[in-house]
Amino acid sequence: MPPVCRAAPTTTHPRTPPAPLPRAGASVFAPAAGLRRDFRNLPLKQRLRCSRPHSPAGTTHPGGESAVSELVAAEDVLLFVNAAVTATGQREFRSSAAEQHFSLAFLHAYVRVNYRPVYAAALALDVNDHNAALIIEHLLRTPKEADPGEGRLIAARLARMPPQRVYRLFGALRAAGVNNRRTRAITRAWLAARPDPALDAVKYRNGLRTALRHVHARPADPETGDFLFAPGRRVRYENPTLDAHRRAHYEQAALYELPFTVAEGFAARHGIPRAVFLERIAPRMTRLERLRTDRAADLSVMPLTRLALYVLALPFAERVERRAELTNALRAAARRAAGPYAGSWGRVAAVLDDSFSSSGSAVKRRRPLAVALGCHFLLEALAAPGAYTALWTSGRDDPLLVHPHGPTPLGLRVLDALDTGPERLVIVSDGWDNAPPGLAGEVLRVWRSRLDPGRRTSVVHLNPVYDAEGFDVRRLAPSVPVAGIRDADDLAALVEIAQFTEGRTGFAELRAYLDGRVERFLKEAEG
């Protein structure tokens, strides 16, 4: 039996060959296999000294423990999916940005080496853009290990990502010296598909210039090429966007023909008052730009989680004054997110965390609370009419006035929720049950083992916070499926994937589910 990963000796070479890719029937010993078993309980310094991730698929046992191996593989992959949905590399309430970056870097390397096909398939799931960019970067860095179909997945995901993040990814690939044939082909195809090259040249000038140089591609047209690489060559441009940028250096009226982020710099240079600038540039602003500049936002089209963040940023007095407007907007967004599943979940009870830790961090202010608020309205839409019960950890009953405060008495709220006899119990919390500690896990354990072994009530835990130390979102109990969540809009899909985290489903079933998601994702992207 291979030993659990320990501190690497000083003679270990850093270029140790990677472990083999997983096979469907690989056999392992249960206690020594898998990321959760090997690394989660090691001190941080000991993990740092490990020369490379331990591969559960790279070991065998004469007795043939294939079922255990598949469960371990499924557990590792789901652990990564939870991280890729929730973690953004930013500071959280209980972990720093550096801890987040280290944890994610290790996790990406581990899963790519051991489970590359499903690592690529994660691009078809609801992973956030930060982790999607990391997945694409890791895949393009290692072309010799590529599997068929990776290129289509990468191209489809790039088409859905914000342009600024894609240009940042191309810059990271250039800095790392990644310039293989596949990288060049994917970059050129993405650049060729951009709808307005002149707009990109103005708005993402450095990113576009870096990408073109890196893959030795030609600009879309001679004017764009001169704008990027020889700006003094032309006296004027035929393209109105490029010419507006030229004129904005000395003509104030021209800056209002430019995108907001570009015009903002020219307005400051010309000394235009902020209020005057915002009023005149309003027709050129996107919905999110209007929201960031505190202008009247169109609540009717705003996504659910974004709308929840907007509501939580308002003073209490304004929330009360606009109660009907805000509540109707949240319910309308929830109905859009529920889609055909509206009213189909029967009796639903929710335990929602509005404790002090839901305040998030300085860079993710109130994000966990916003997710809980969005889930509240979405679960209300999914439940049968009049069959929804919401229990906030603070005991409040007015969702519009929730704010981060107090401890996290999850156990007491879970008891109250189970008393309502729900068909589904959904817990939205960071999992730090502390009033008293561990009560929620014990309640759920006894409920599942003694009171409801037949699983009449479906219980799922959705966690909006990544635990960098544990390489996963924090669990309440082993018997309760858990899934990471970043946007309340994705709740229904995440509840579906959470079923695999109970430890009763093998790797083959998980691969079949992922294959189905990939097929649908590619059809939507290419159809």
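The coordinates are above.
Residues numbered from 1 in each chain as written. Predicted model: local features only at pLDDT ≥ 70, side-chain atom pairs only at ≥ 80, totals over all residues. Heavy atoms only, no water.

With that settled, consider the side chain of D226. Mapped onto the secondary structure, D226 falls in helix α12 (residues 222-229). Of the residues examined, D226 reaches a relative accessible area of 9% and is grouped as buried. In terms of polar contacts, D226 uses its side chain to reach the side chain of R233, at 3.0 Å. If we skip the residues at most four places from it in the chain, D226 touches P231, R233, R234 and Y237. (Helix = DSSP H or I, 4+ residues; strand = E, 2+ residues; numbered from the N terminus. Buried < 20%, exposed > 50% of the residue type's maximum accessible area, 1.4 Å probe, protein only. Polar contact = N/O pair within 3.5 Å; in protein donor to acceptor, adjacent residues only side chain to side chain. Contact = heavy atoms within 4.5 Å.)

Our focus in this paragraph is the pattern of salt bridges. On inspection of all chains with the given rule, the structure shows 31 salt bridges. For D226, the salt bridge goes to R234, with nearest N and O atoms at 2.6 Å. (Salt bridge = Lys/Arg side-chain N within 4 Å of Asp/Glu carboxyl O.)

Let's shift gears to the pairing of strand β2 (residues 388-392). The sheet contact formed by strand β1 (residues 348-352) and β2 spans 5 bridges and is parallel. Across the sheet, the residue bridging to A350 is A390, located in β2. For the handedness criterion, the β-α-β arrangement of β1, helix α20 (residues 367-382) and β2 is classed as right-handed. (Pairing = 2+ DSSP bridges. Right-handed = clockwise from strand over helix to strand, strands pointing away.)

Attention shifts here to α12. Along α12, 6 of the 8 residues are buried, which leaves the element largely enclosed by surrounding structure. Taken together, the buried positions of α12 are E223, T224, G225, D226, F227 and L228. In this structure, the buried side of α12 is in contact with α10 (197-203), α11 (205-215) and α13 (240-247). The N-cap of α12, judged by a side-chain oxygen 3.1 Å from the amide nitrogen of E223 a few residues on, is D221.

A separate point is the packing of helix α19 (residues 323-338) against α20. It is the contact of α19 with α20, at a shortest axis distance of 8 Å, that shows an interaxial angle of 60 degrees. Put simply, α19 runs oblique to α20. Like other packed secondary-structure pairs, α19 and α20 cross with a definite hand, here right-handed. Counted together, T327, L330, R331, A334, R335, A337 and A338 of α19 and F377, L378, E380, A381 and L382 of α20 form the full contact between these two elements. Looking at side-chain class alone, the contact of α19 with α20 contains 8 nonpolar, 1 polar and 3 charged residues. (Axes fitted to C-alpha atoms, helices over the stretch in contact; angles between N-to-C directions. Parallel < 35°, antiparallel > 145°, perpendicular 65-115°, else oblique. Left-handed = near helix turned anticlockwise from the far one by under 90°. Nonpolar A, V, L, I, M, F, W, Y, C, P; charged D, E, K, R; others polar.)

Take unusual backbone geometry next. Residue A435 is joined to P436 through a cis peptide bond whose omega torsion reads -5 degrees. Tracing the backbone through its elements, the reader meets P436 in the loop between β3 (424-428) and α22 (439-451). The backbone of H216 sits at a positive phi, close to 55 degrees, despite the residue not being glycine. With phi around 60 degrees, R366 is a residue other than glycine that occupies positive phi space. By the element assignment, R366 lies in the loop between β1 and α20.

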